[in-house]
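Reading the structure
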Amino acid sequence: MTKYVITGGKPLYGTIDISGAKNAAVAIIPAALLVDGVCRIENIPQISDVTLILNILQDLGAEVRTVNRTTVDIDCSHIRNQPVPYQLARKIRASYYLIGALLSRFGSAQVPPPGGCDLGGRPIDQHIKGFTAMGADVDVRGGYIHATARDGRLKGSQVYLDIVSVGATMNIMLAATLADGLTIIENAAKEPHIVDLANFLNSMGADIMGAGTDVIKIRGVDRLAGGTYSIIPDQIEAGTYMAAVAAAGGQVRIHNIIPKHLECITAKLQEMGVSVVEDGDDLVVSRRGALNRANVKTMPYPGFPTDMQPQIAAVLCLAQGTSVLTEGVWDNRYRYVDEFRRLGAQIQVDGKVAVIEGVSQLTGAPVRACDLRAGAALVIAGLAAHGVTEIDSIYHIERGYEDIVRKLTGVGADIKVVITPDQEEAQPNVG
Ligand code: EPU
């Protein structure tokens, strides 16, 4: 059993370097399947979700060469169109991008339904709606999603998304890149990683316009050639460390970020009495006095990100007064609340709304990470709490946070990885 053991109550001081964005990397790596040649991808975060998706590509015949800690060369010139390995694909949500990528390149794909953090229902009907509009037949047989372009190659089409979906927007973008003709995605998601995927594909020769707005136009091209691309910094990793400073106090320079991507998090923390000062590619975050209560509602970008909801909840637990948190994206993203209560938090949940009564102090306790962001939120709560917090099931956290223990230790946190001789815990499917 591997745990994080945190002795909290110490303010944080120093600098934290932000890694490449997880949710951009897990789309851009499958996008390399569309490229006939070598893609050099820089600023790749070293996290287990990235390792998994690279392993899947290798299984399909990609040559993957590590250039340095954050750079890989991927050559998909000799890729095979074969069923994606079941046990790997179902461990990760982003395996659904292999449907769009393989369908675009080969006209057919066989991919297991994706895994994913348990956040309530996670359908992919909007992805399928897009593929179908582009002339694919899609069905599920023998545990696999089978998608086949009726004419051998997808045809450009107009797709209006019924729900703003990050995954569907990027998957349809992948499918349309090598399709015949123009695809228009309306009511598209606008997250920074959507722009990053479009920039990656365009740098390899694709013709995509409008990413970052709600109408994206993709004119299909015959082939993509190789090139070099650097992934954007991780908005959510940066926001998580900003929330950690807000909760634990101190002053930390969050280095190598795009301030624009963090505007809604910055604004909310400022409303709560946290100082956030922009300095080029850095934000300097400090908190000395009391935290003010606030209401937070998560929404698609540029709204407050759902992937920061548990972390901001950790901060609100320590704010003066009553805060109302509303989850606007997922059906069930409050599974962590019982673990927070072990630390002394006062939270009531009714459906998508959580009412948080701030307490003057949290106290350390043994807790369990139930998913990636909930795990990060427990780390934040543990850093602020008095006494010792032990967090288990930390594999969830390591899916999405590169070197979290080293980064926090570097700013003065007392956090250690402790391996107990118990049998290694079984890792269920995550993603
Ligand atoms: N939805 C549908 N049908 C679809 C697709 C989505 O009804 O076909 C619904 C979902 O059930 C949800 C909403 O639309 O209620 C938004 O889902 P979206 O498709 O945007 O989510 P996703 O693409 O599956 C990605 C991230 C999540 C992040 C969401 C929202 C990846 C691999 N995952 O998921 O990240 O919460 O966008 O921003 O990019 C995380 O990093 O912790 C994480 C869960």
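Presented here is a report on the structure given in the accompanying data block. (Residues numbered from 1 in each chain as written. Predicted model: local features only at pLDDT ≥ 70, side-chain atom pairs only at ≥ 80, totals over all residues. Heavy atoms only, no water.)

1. Re the pairing of strand β5 (residues 71-75)
- Of all 5 residues that make up β5, 5 are buried, and the element is covered over most of its length.
- Of the two faces of β5, both are covered, the one formed by Thr 71, Asp 73 and Asp 75 as well as the one formed by Val 72 and Ile 74.
- Pairing analysis gives 4 bridges linking strand β3 (residues 38-42) to β5, with the strands arranged antiparallel. Bridging across to β5, Arg 40 finds its partner in Asp 73.
- Where strand β4 (residues 63-68) and β5 come together, 5 bridges link them in antiparallel fashion. Across the sheet, residue Glu 63 finds its bridge partner in β5, namely Asp 75.
- Hairpin remark: β4 followed by β5, antiparallel, with 2 residues in the connecting loop. (Buried < 20%, exposed > 50% of the residue type's maximum accessible area, 1.4 Å probe, protein only. Helix = DSSP H or I, 4+ residues; strand = E, 2+ residues; numbered from the N terminus. Pairing = 2+ DSSP bridges.)

2. Some remarks on unusual backbone geometry
- A cis amide bond links Tyr 301 to the next residue, Pro 302, at an omega of 10 degrees.
- By secondary structure assignment, the location of Pro 302 is in the loop between β17 (296-297) and α10 (309-316).
- Positive phi values are uncommon outside glycine, yet Asn 43 reaches one of about 60 degrees.
- Within the secondary structure layout, Asn 43 lies in the loop between β3 and α2 (48-59).

3. A look at the environment of Arg 342
- Along the chain, Arg 342 turns up in helix α11 (residues 337-342).
- Sequence separation of Arg 342 and Val 367 is 25 residues, and the distance between their C-alpha atoms is 7.2 Å.
- In contact with Arg 342, not counting residues within four places along its chain, are Thr 363, Ala 365, Pro 366 and Val 367. (Contact = heavy atoms within 4.5 Å.)

4. Description of the pattern of salt bridges
- Within the structure shown, the criterion is met by 23 salt bridges.
- Among the salt bridges present, the one from Arg 65 reaches Asp 73, with a minimum N-O distance of 3.0 Å.
- Arg 69 is the salt-bridge partner of Glu 402, the closest N and O atoms lying 2.8 Å from each other. Linking Glu 402 in the loop between α13 (395-398) and α14 (404-409) with Arg 69 in the loop between β4 and β5, this pair joins segments that are 333 residues apart in sequence.
- On the basis of relative accessible area, Arg 69 is assigned to the partly exposed category, the value being 48%. (Salt bridge = Lys/Arg side-chain N within 4 Å of Asp/Glu carboxyl O.)

Remember that the coordinates give geometry; whether it matters functionally is a separate question.
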